[in-house]
There are 2 protein chains.
Amino acid sequence: MSNPLKLGLAGLGTVGVSVVKRLALLENELAMSAGRSMRVTAVTARSRDKDRGVDLSNCTWFDDPVSLATNDDIDVYVELMGGDSGAAEDSVRAALKAGKHVVTANKALLAKHGNELAKLAEENGVQLNYEAAVAGGIPIIKTMREGMASNAISRVYGIMNGTCNYILTRMELEGLSFEECLQDAQRLGYAEADPTFDVEGNDTAHKLALLTSLAFGTQIEADSIFLEGITSLTTDDIKAADELGFRIKLLGVAQKTDTGIEQRVHPTMVPKSSAIAQISGVTNAVAVDGDAVGSITMSGPGAGGDATASAVVADLVDVARDFKIYPLGRPAAELQPYVRAKMRAHEGGYYIRLSVNDRPGAFASIAQRMAEHDISLESIVQRRSNGYFTNAQSEASEVVKPQAVVLITYETTEEAVRKALQQIEEDGHISAPPQMIRIERL
Amino acid sequence: MSNPLKLGLAGLGTVGVSVVKRLALLENELAMSAGRSMRVTAVTARSRDKDRGVDLSNCTWFDDPVSLATNDDIDVYVELMGGDSGAAEDSVRAALKAGKHVVTANKALLAKHGNELAKLAEENGVQLNYEAAVAGGIPIIKTMREGMASNAISRVYGIMNGTCNYILTRMELEGLSFEECLQDAQRLGYAEADPTFDVEGNDTAHKLALLTSLAFGTQIEADSIFLEGITSLTTDDIKAADELGFRIKLLGVAQKTDTGIEQRVHPTMVPKSSAIAQISGVTNAVAVDGDAVGSITMSGPGAGGDATASAVVADLVDVARDFKIYPLGRPAAELQPYVRAKMRAHEGGYYIRLSVNDRPGAFASIAQRMAEHDISLESIVQRRSNGYFTNAQSEASEVVKPQAVVLITYETTEEAVRKALQQIEEDGHISAPPQMIRIERL
């Protein structure tokens, strides 16, 4: 058996501590299956003195992550600090340049600098593993980079933010508002004090950016992702979706089209019978459509110290096994430039909810506008207001009552839907901005 | 870039032809991501002259698989002939001994000889990859052997036979009998002319045997698997399950218990809300419970030429990438002897359907027998016969009409249930053998 693989660990939060515990708990098993033992030899964290419930007395303490990352006494630098710049970026770059393998859970860093970091790893002949960066404990990076290496991928999509899925699940099951569910999520530790990053879709976007590159062999480009959060969803939408046979999920979707690659994060109507619709609470799921295998779906815990540590330690086992693979599945120099498909060219079905003023001719006018843009309607559900709308503002005296009208379109384009809705707004027949949710074919 | 990896392919059925096509279609992509190109240099199959729609003119033809497997001009022997002995066994052994890597989809061979073959691969410093042997296109071997390497596994279970799941799905959706659905499956090519191997659970057992070894680090022991097929299931059972909030699936389950490891294949009641209950038609799914990550579920196509080829080619890419791993996840010499947990000690809930003769005191007697064996009942559904039973045979003249009684027990032991049912039969209150289906906690 070779010498032990020496690990330098930066960040001793929930995940870092769980990694240390796991390495100790499965020490013999891991050494046996990897053919090499692993040992944490050096650590760094914000506070040196905090009691974390793990024995670190045999580890050298570093105040500076960069010094740890480049220290002669480590083979692998494990970055669990987070952040897309500063210490995380500096130390990961320094480690790669110093010929250290890097294992990280840092999606933000990779979404921003992944192309360069992959190149740096290749130039220095070391591994850059990041299984924990996407969907926590689900080995989706390995599945795409290795298990589905024999497929041309046409689409990858998933539920990759547990906070959002928890909120949407509770809104559906209990009929509670977004705000109520968010507060509960915060109380239970499923959401941050400032939840913006989760509920506006940024976290999902970081993860999607990595999967897009793996799926299509393109450079990571997180800034091009179309982003729409879940804050505008109402219980009306959840209920209407339910009645129409759908659930609403915050999906990240990357898809090849004739004009480029769509990368989009938005609330999505998915058929109740689909695998992805069954994913409830903080669970994550990712589905990949390949030309040979068809569709593979993986689900499991997307966050939490132990689940994330599971992925980090699996990455370490791969290093111990001396698995050599390009970080983004192919040489960084061979990654294609990302060509963005215009969101306006997106094709799909749409759910549209309108709060219609009950003027004579309003419905005819709305139907006319849809027809003008070649939008065919699959279903129309109309109901008289009974507290169903809370934001409806009556502007004109001749209005009797606003009515909720829900339209489901057949396949059309985003361009057509946006133009039609703009004109419907201008026509003055609706009393609140229209709600529009994309339907995904599954 | 290194020299091309030279492949010798034995078996040119649906899967073999699909492998050849895939290697051609993605030639450049695979060479780029693997760092090495791949080329089929030699082939063998039953008939040399058949037109298979692929160009094999550059390949050397062999009449004898063993000669091909040991030929100097191949690096990897790809065995796609099938069979747990004869040519498949001889050629795989010969290839390993000759220092060739082996990629195979042959579950029967591995279930029977996997321990020795793994040892042989290790002794000769070559890879033995078999992703396609379990759940077709789903990369479950990679997920367990690598992605979840950092977990102690407590249970693995899944739907691993598309034929059975197709039949059960149609029985449920259309209320058809087992025989009717089987005939349709045969007509559509989802079932063999002799379906025994699928519907009696043997095929699932072969796959389960491999997953058990990976999960618990034990020697493969397929002969110890408890086996119960789906042929005795009636539409009455499917309907009763539905009413009680369950679906019936043929599961393979391997589970650690206090007395050893359970390996069992049997019709299983799973809650309708569970991920595994959503798997319909020929789709496969496998779930793995790990101590760090919790439960990971993977679903996708479990059979078919292209899906299986997807796994075979991914295995080849791993060889081209020079990934070195013990075939069973740890050195063959370190595999623990398999200790069989007695099926009679199995603990769980049970569904019991009885065809009760409507004699006075029959119910009291049945309830008494259950109580004597400490079996508590979670629910009792009783209904008067209305064509519900087709096999009920009235033996005694005082019988008015047999009644269907469905019992759901709380957690108990197999021993208790079997004894109680034996006594109930002996008491003469039922007019047909009792039906018993295990409930799985998910």
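- Where an unreviewed UniProt entry is consulted, chain A appears under the name Homoserine dehydrogenase, with the organism given as Cohaesibacter gelatinilyticus.
- Turning to chain A, the UniProt record has this under Sequence similarities (unreviewed entry): "Belongs to the homoserine dehydrogenase family."

**Here's the deal with the overall build of chain A**
At step 1: Scanning chain A from terminus to terminus reveals 14 helices and 17 strands.
At step 2: For chain A, the C-alpha radius of gyration of 25 Å lies close to 22 Å, the compact-globule estimate for 442 residues.
At step 3: Oriented by its inertia axes, the alpha-carbon framework of chain A measures out at about 80 × 45 × 35 Å.
At step 4: In chain A, which comprises 442 residues, the proportion classed as buried is 60%.
At step 5: A separation of at least 24 residues holds for 76% of the contacts in chain A among residues at least 6 apart in sequence.
At step 6: Looking at chain A as shown, the accessible area adds up to about 17,100 Å², and 45% of this sits on carbon and sulfur atoms.
At step 7: Computed over 43 positive and 59 negative side-chain charges, the inter-centroid distance for chain A is 2 Å.

**Some details on the relation of the copies chain B and chain A**
At step 1: Mapping chain B onto chain A is achieved by rotating through 180° and translating by 0.0 Å along the same axis, at an RMSD of 0.1 Å. Taken together, the rotation and translation describe the operation of a two-fold axis. Among all residues of chain B, the minimum C-alpha distance to the rotation axis is found for M298(B), at 2.2 Å.
At step 2: Interface residue correspondence from chain B to chain A reaches 100%, placing this contact among same-surface, isologous pairings.

**As for the sheet that holds strand β2 (residues 38–44) of chain A**
Residues and elements named next belong to chain A.
At step 1: If you walk across this open sheet you meet the six strands as β3-β2-β1-β4-β5-β6, and the pairing is parallel. Looking at which strands have only one partner, the edges of the open sheet turn out to be β3 (60–61) and β6 (128–129).
At step 2: For strand β1 (residues 5–10) and β2, the ladder comprises six bridges, and the chain directions are parallel. Across the sheet, L7 pairs through a bridge with V40, a residue of β2.

**Re the confidence of the model for chain A**
At step 1: Overall, the prediction assigns chain A a mean pLDDT of 94, with 96% of residues at 70 or greater.
At step 2: Between residues 386–399 of chain A, whose pLDDT stays under 50, and residues either more than four places distant or in other chains, the model counts 21 contacts.

**So, a nonpolar patch on the surface**
At step 1: A cluster of nonpolar side chains, namely L188(A), Y190(A) and V282(A), defines an oily patch on the protein surface of about 250 Å² accessible area.
At step 2: With respect to the helices and strands, V282(A) occurs in the loop between β10 (260–271) and β11 (283–290).

**Here we look at the UniProt feature "binding site: NADPH" (unreviewed entry) in chain A**
All names here are of chain A.
At step 1: The positions UniProt marks with the feature "binding site: NADPH" (unreviewed entry) are K107.
At step 2: Here K107 is to be found in helix α5 (residues 107–123).
At step 3: What makes K107 partly exposed here is its relative accessible area of 23%.
At step 4: Not counting chain neighbours up to four residues away, the residues in contact with K107 comprise A133, D203, H206 and K207.

Rules used in this analysis
- Residues numbered from 1 in each chain as written.
- Chains lettered and ligands numbered in written order.
- Predicted model: local features only at pLDDT ≥ 70, side-chain atom pairs only at ≥ 80, totals over all residues.
- Heavy atoms only, no water.
- UniProt positions renumbered as here; feature names shortened; annotations may be inferred.
- Helix = DSSP H or I, 4+ residues; strand = E, 2+ residues; numbered from the N terminus.
- Rg over C-alpha atoms; globule rule 2.2 N^0.38 Å.
- Buried < 20%, exposed > 50% of the residue type's maximum accessible area, 1.4 Å probe, protein only.
- Contact = heavy atoms within 4.5 Å.
- Areas by Shrake-Rupley, 256 points an atom, 1.4 Å probe, with all protein chains shown as cover.
- Lys, Arg positive; Asp, Glu negative; His and termini not counted.
- Charge placed at Lys NZ, Arg CZ, Asp CG, Glu CD.
- Least-squares fit on C-alpha atoms with pLDDT ≥ 70 in both.
- Pairing = 2+ DSSP bridges.
- pLDDT = per-residue confidence, 0-100.
- Patch = residues over 30% accessible without salt bridge, like charges linked within 9 Å, V, L, I, M, F, W, Y side chains within 5 Å.
- Salt bridge = Lys/Arg side-chain N within 4 Å of Asp/Glu carboxyl O.

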